[in-house]
Amino acid sequence: MGYAHDYADAIMSRGRVPMEPADFVPDWSDGPRKTKHYPGTEILPLPQDDGFPDDATLARGLTGSDRGGAGFTLPALSGLLRDSYGLTGRRLGVQANTDLSALPSYPMANWSRGTASGGGLYPVAVYWAPGAGGPVLPGLHYYSARHHGMRRLLTGDVTGEIRAALGPDAPAADSYLLLGIKYWQNAFKYNSFSFHAVSMDLGALLGTWRMWARARGLEIEPALWFDEARLQRLLGVEAEAEGVFAVVPLSWAGGGTRPEPPAPAPGSVSVRHRDAERSRTVRGFDALRKMQRATAAGATDHPAPGALAPAAARPPAPDGAVCALPPAAPLTMTVRGALRARRSSFGRFAAQRPLSAAQLTAALAAAHAGASLGGDSAAAGGGPELATLYAFVNHVDGVEPGAYAYDPERGALRLVSAGPPGPFLQKNYFLSNYNLEQAGVVLVPTLRTHAVLDAVGDRGYRVVNATVGAIAQATYTAAAALGIGCGVALGFDNISYREELDLLGTDEAPLLIMLLGHERPAPADFRYEIA
């Protein structure tokens, strides 16, 4: 068993046994930037998107119907990046999160983005490598979200190097997006816990991209297994400071077949520009270093088709009473509209107005669909379903309060335990930014983390959390389309949830909670849109 098994156990127990360093306090005055900064590099502005059709709805983005579009254009790539990780507006609202006092200050401005991020930290770095068949000069760029432009880090076609890192069976592509995670952007706040959080951030971003592309009739197929060390050398990043978590091949509209560029000798091509760190002191954390090493060690051992079958989600127990659900409320908002409307509720739920059962059905279906959006297509998305969904129902019309397991095949809930779950939910939540009893429902995705690790090795931890992150993002966007509030949290006692859901005899791990419900009327909010 690799180190990822130990780390998974520590995550599950952290509500009762704090992870080291237990006395850690963030130095907020010396925090890093929310983006990387490459001084002395030129910015290539991205063009205006070529429009988002009315039929590019969230429902289409989740189901992936009518795929097979002609490929990406530069305006479409611009829209994908703007809608997912670009800054779209400034927001300020009276709510219950603990950082509220800092947000009116301009340096601490809360800039909205389409994709959710743990702690609002956005540690995923997006790199773009267009080849000879692309719309711009070949090279390697960093996406600067603050400028909505590309910072050129290197000139020259590096697609051969990336293709070589992906391995001999990689599909041909004339452009790539690389997703790196600079650990200090999250670790300065969450220390050893940060690897758990950032790998969910990866899934949230991949989930957004796949929803966005599918709504446009396109498809994105991320790879999570490749020669990570080779790509770290290409990007000029230190192996333990920034992991390369995903590679996304892109094909251009109208692009023909071109000779593949030869792959240079490993290490012969590398970015010379370096990220200028804002923090005066950068700390390392032993668990974080060990997880980067463990999950990078088997990076080239791509799982065989069907390797994850032993880790498939278990079906709901057949002995629970069945609660039939009505047809889902329609998700007719466009993916772009839902991403622009997405936000966290932070304690503004109001139990006086319950959710409708149709809204619950739609949210459950979206969360279930999101499970296929976050992982490697060959290893996870194209394999078995990995996640099981549970629902703690507080206030839903037509559904009695209680804990339920979601049965996606029947479109129904199976009762686990009856009775109002509010006291349990609030007792086992550690933060002060939500009153869980006021939410209409609390959804809980579980995955069999250890079974995944046994099946595909320690790198499977990234698959587990990418899947959970994509589930959270799909739920957030569905809530926005339904006009209800949503909040996602990690600060709960995981073991207590296993006990309450009668999972101690299984290997299912509750990894986050997702709160849904109507909010208090007439909120005191400020919104200024910039996109």
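For the structure given in this document, a descriptive report is provided here. (Residues numbered from 1 in each chain as written. Predicted model: local features only at pLDDT ≥ 70, side-chain atom pairs only at ≥ 80, totals over all residues. Heavy atoms only, no water.)

To continue, consider the pairing of strand 2 (residues 89–93). With 4 of 5 residues buried, strand 2 is to be regarded as a mostly interior element. Pairing of strand 2 with strand 3 (residues 110–112), which is carried by 3 bridges, proceeds in the antiparallel orientation. Opposite Arg91, over in strand 3, you have Asn110 as the bridge partner. Of the strand pairs in this sheet, strand 2 and strand 17 (residues 525–529) are connected by 5 bridges, and their pairing is antiparallel. Across the sheet, the residue bridging to Arg91 is Arg527, located in strand 17. (Buried < 20%, exposed > 50% of the residue type's maximum accessible area, 1.4 Å probe, protein only. Helix = DSSP H or I, 4+ residues; strand = E, 2+ residues; numbered from the N terminus. Pairing = 2+ DSSP bridges.)

What follows deals with the sheet that holds strand 3. Spatially, 3 strands are ordered 3-2-17 in an open sheet, and the strand pairing comes out antiparallel. Sheet topology places strand 3 and strand 17 at the edges, where each strand pairs with a single neighbour. When strand polarity is set aside, the average angle formed by the axes of neighbouring strands in this sheet is 30°. (Axes fitted to C-alpha atoms, helices over the stretch in contact; angles between N-to-C directions.)

This part is about empty space enclosed by the protein. Across all of its chains, the model carries 5 cavities of 30 Å³ or more by this definition. Here the largest cavity is characterised by a volume of approximately 90 Å³. As for the largest cavity, its lining consists of 13 residues, and the residues nearest its centre are Thr35, Tyr85, Arg113, Val124 and Tyr142. Put simply, the parts of the chain that give the lining of the largest cavity at least two residues each are strand 4 (124–130) and strand 5 (139–144). Of all the elements, strand 4 adds the most residues to the lining of the largest cavity, at 3 residues. Per-class residue counts for the lining of the largest cavity are 8 nonpolar, 2 polar and 3 charged. (1 Å grid on protein atoms, 1.4 Å probe; cavity = no way out; pocket = protein on both sides within 12 Å on 5 of 7 lines; lining within 4 Å. Points joined across faces, edges and corners; volume = space filled by probe spheres on them. Nonpolar A, V, L, I, M, F, W, Y, C, P; charged D, E, K, R; others polar.)

Further remarks concern unusual backbone geometry. Looking along the chain, the bond that leaves Glu20 and enters Pro21 is cis, with omega of -5°. With respect to the secondary-structure elements, Pro21 resides in the loop between helix 1 (3–13) and strand 1 (43–45). A positive phi is found at His148, a non-glycine position, where the angle reads about 45°. Topologically, His148 is positioned in the loop between strand 5 and strand 6 (149–155). By relative accessible area, His148 is classed as buried at 7%. Positive phi outside glycine occurs at Phe346, with the angle close to 45°. Among the structural elements, Phe346 can be located in the loop between helix 9 (335–341) and helix 10 (357–370).

Its place among the elements puts Asp30 in the loop between helix 1 and strand 1. Given a relative accessible area of 6%, Asp30 falls into the buried group. Of the polar contacts made by the side chain of Asp30, one reaches the backbone nitrogen of Thr281; its length is 3.0 Å. (Polar contact = N/O pair within 3.5 Å; in protein donor to acceptor, adjacent residues only side chain to side chain.)

The next subject is the nonpolar core. Counting residues in each nonpolar core, the largest one holds 120 residues, and the members touching the most others are Phe72, Trp209, Val399 and Leu413. In terms of residue count, helix 14 (residues 460–482) provides more of this core than any other element does, 14 residues in total. In terms of nonpolar packing, the next biggest core, distinct from the first, is built from 25 residues, Tyr38, Leu166, Ala173 and Tyr176 among them. (Core = buried A, V, L, I, M, F, W, Y, C linked by side-chain atoms within 4.5 Å.)

For the pair helix 1 and helix 13 (residues 449–456), the least separation of the axes is 10 Å and the interaxial angle reads 170°. The angle between helix 1 and helix 13 falls in the class roughly antiparallel. Residues Ala4, His5, Ala8 and Asp9 of helix 1 lie in contact with helix 13, whose contacting residues are Thr449, His450, Leu453 and Asp454. Tallied by class, the residues present in the contact of helix 1 with helix 13 amount to 3 nonpolar, 3 polar and 2 charged. (Parallel < 35°, antiparallel > 145°, perpendicular 65-115°, else oblique. Contact = heavy atoms within 4.5 Å.)

The next subject is the pattern of salt bridges. This structure, assessed with the given rule, holds 24 salt bridges. Among the ionic pairs, Arg336 bridges to Asp49, the shortest N-O distance being 2.2 Å. Here Asp49 lies in the loop between strand 1 and helix 2 (58–63) and Arg336 lies in helix 9, a separation of 287 residues in the sequence. Glu529 is paired through a salt bridge with Arg527; the nearest N and O atoms lie 2.9 Å apart. Looking at Glu529, the relative accessible area reads 38%, which means it is partly exposed. According to the relative accessible area criterion, Arg527 is partly exposed, its value standing at 42%. Here the residues in one salt-bridge network are Asp49, Asp83, Arg216, Arg336 and Arg340, joined through shared partners. (Salt bridge = Lys/Arg side-chain N within 4 Å of Asp/Glu carboxyl O.)

Take a positive patch on the surface next. Together, Arg33, Lys34, Arg146 and Arg278 make up a region of like positive charge exposed at the surface. Relative to the elements of secondary structure, Lys34 occurs in the loop between helix 1 and strand 1. Residue Lys34 is classed as partly exposed on the basis of its relative accessible area of 35%. (Patch = residues over 30% accessible without salt bridge, like charges linked within 9 Å, V, L, I, M, F, W, Y side chains within 5 Å. Areas by Shrake-Rupley, 256 points an atom, 1.4 Å probe, with all protein chains shown as cover. Lys, Arg positive; Asp, Glu negative; His and termini not counted. Charge placed at Lys NZ, Arg CZ, Asp CG, Glu CD.)

Note that Ala466 resides in helix 14. Ala466 sits in the buried class, given a relative accessible area of 0%. Separated by 93 residues in sequence, Ala466 and Leu373 have C-alpha atoms that sit 8.6 Å apart. Ignoring any residue separated from it by four or fewer positions in sequence, one finds Ala466 in contact with Ser199, Leu202, Gly203 and Gly374.

If you trace the backbone, Asp525 turns up in strand 17. In this structure Asp525 comes out as partly exposed when scored by relative accessible area, which is 37%. In this structure, the C-alpha to C-alpha distance between Asp525 and Phe188, residues 337 residues apart in sequence, is 29 Å.

This part is about the environment of Val322. Considering the arrangement of structural elements, one finds Val322 in strand 9 (residues 322–324). In contact with Val322, other than residues within four places in its own chain, are Arg410, Ala412, Leu413 and Arg414.

In terms of residue burial, helix 7 (residues 228–235) counts as a mostly covered element, since 6 of its 8 residues are buried. Those residues of helix 7 that sit buried are Glu228, Arg230, Leu231, Gln232, Leu234 and Leu235. In the stretch just after helix 7, Gly236 is the one whose phi turns positive, near 70°.

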